[in-house]
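Here are the chains, one letter per residue:
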Amino acid sequence: MEEIAFEVRGSAPEPYVVVFVRRSQTNISAYCSCPAGEQGQYCKHRFAILDGIATGVVSLNVAEIEIVQSWLTGTDVERVLLKMRSLEKDAARIKNQLSSAKKELARAMRD
């Protein structure tokens, strides 16, 4: 089992701690001390690191973000992360289509 911890800037005065644990080749876990993370909810700090974004990391191990990213391949986390990204693209497409339909409806009501 491998573990990497990062300190990240958040809304609290003290940095939050984000911990990634590689339990096996197919399973990683991630924890964050932010309020959302402690409730087991969506936490932007964990997702930023998974996406390779180092902007909020204040610890000196920024280079280890690449290691965490390398752990993703073939894991349950990668599978669900890819599904989430696909759904986000679908949602953006649908949002654009809805906006166009609303504009079209507004034009139709003016005729």
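Relevant structure appears above.
We now turn to the structure provided with this report. Small disclaimer: the values here were computed from a predicted structure and weren't measured.

The subject of this paragraph is the overall build of the chain. Secondary structure assignment for the chain yields 4 helices and 3 strands. Taking 2.2 N^0.38 as the reference for a compact globule, 111 residues should give roughly 13 Å; the C-alpha atoms of the chain span a radius of gyration of 19 Å, well beyond that estimate. Classification of the 111 residues of the chain by burial places 26% in the buried group. A fraction of 44% describes how many contacts in the chain between residues 6 or more apart in sequence connect residues 24 or more apart. Surface accessibility of the chain: about 7800 Å² in total, with carbon and sulfur atoms responsible for 55%. Separation of charge centres in the chain, based on 15 positive and 14 negative side chains, amounts to 10 Å.

Here we take up the sheet that holds strand β1 (residues 2-8). Spatial ordering of the open sheet is given by β1-β2-β3, a layout of 3 strands whose pairing is antiparallel. At either margin of the open sheet sits one strand with a lone partner, and together these are β1 and β3 (27-32). The mean angle between the axes of side-by-side strands here comes to 15°, regardless of whether they run parallel or antiparallel. Pairing between strand β2 (residues 16-24) and β3: 6 bridges, direction antiparallel. Opposite V18, over in β3, you have C32 as the bridge partner.

A few words on the side chain of R46. Examined against the element boundaries, R46 turns out to sit in helix α2 (residues 44-50). Despite its burial, R46 pairs with no opposite charge; the closest candidate is E38, at 11 Å N-O. Once residues within four sequence positions are removed from consideration, R46 is found in contact with V18, F20, A30, Y31, C32, G37 and Q41.

Under the counting rule described, the total for this entry stands at 2 aromatic pairs. With 4.5 Å between their ring centres and 20° between their planes, Y42 and F47 make a pair best called stacked.

Tallied over the full model, the rule gives 3 salt bridges. Of the charged contacts, one joins E2 and R22 as a salt bridge, the two residues approaching to 3.3 Å between their closest N and O atoms. Of this pair, E2 sits in strand β1 while R22 is found in strand β2, placing the two residues 20 residues apart along the sequence. Judged by its relative accessible area of 39%, E2 is partly exposed. For R22, a relative accessible area of 18% puts it in the buried group. The salt bridge partner of R85 is D51, with a shortest N-O separation of 1.9 Å. Of this pair, R85 sits in helix α4 (residues 76-110) while D51 is found in the loop between α2 and α3 (65-71), placing the two residues 34 residues apart along the sequence. By relative accessible area, R85 is classed as partly exposed at 30%.

Reading the values: the criteria
Within each chain, residue numbers correspond to sequence positions counted from 1 in written order. Given that this is a predicted model, residues contribute local features only at a pLDDT of at least 70 and side-chain atom pairs are listed and counted only at 80 or more, while totals for whole chains, interfaces and linings are drawn from all residues. Note that water and hydrogens are dropped before the side-chain values are worked out from all heavy atoms of the structure. Each helix is a run of H or I in the DSSP string that is no shorter than four residues. Each strand is a run of E no shorter than two, and both are numbered from the N terminus. Just to be clear, the radius of gyration here is over C-alpha atoms, and the globule rule we use is 2.2 Å times residues to the power 0.38. With a 1.4 Å probe rolled over the protein chains alone, any residue whose accessible area is under 20% of its type maximum counts as buried; one over 50% counts as exposed, and the rest are partly exposed. Between two residues, a contact is recorded if the distance between any of their heavy atoms is within 4.5 Å. Here, Shrake-Rupley sampling with a 1.4 Å probe gives the accessible areas, and only protein chains in the shown set may cover a residue. In summary, the charge assignment counts Lys and Arg as positive and Asp and Glu as negative, without counting His or the chain termini. The atoms used to mark charge sites are NZ of Lys, CZ of Arg, CG of Asp and CD of Glu. In this scheme, strands are said to pair when DSSP sees at least two bridges between them. To obtain an axis, a line is fitted to C-alpha atoms, over the contacting stretch when the element is a helix, and the angle between two such axes runs from 0 to 180 degrees between their N-to-C directions. Any carboxyl oxygen of Asp or Glu that lies within 4 Å of a side-chain nitrogen of Lys or Arg is treated as forming a salt bridge with it. Note on ring pairs: Phe, Tyr and Trp rings are taken, using the six-membered ring of Trp, and paired if centres are within 6.5 Å. Classes follow the plane angle, with under 30 degrees stacked, over 60 edge-to-face and the rest tilted.

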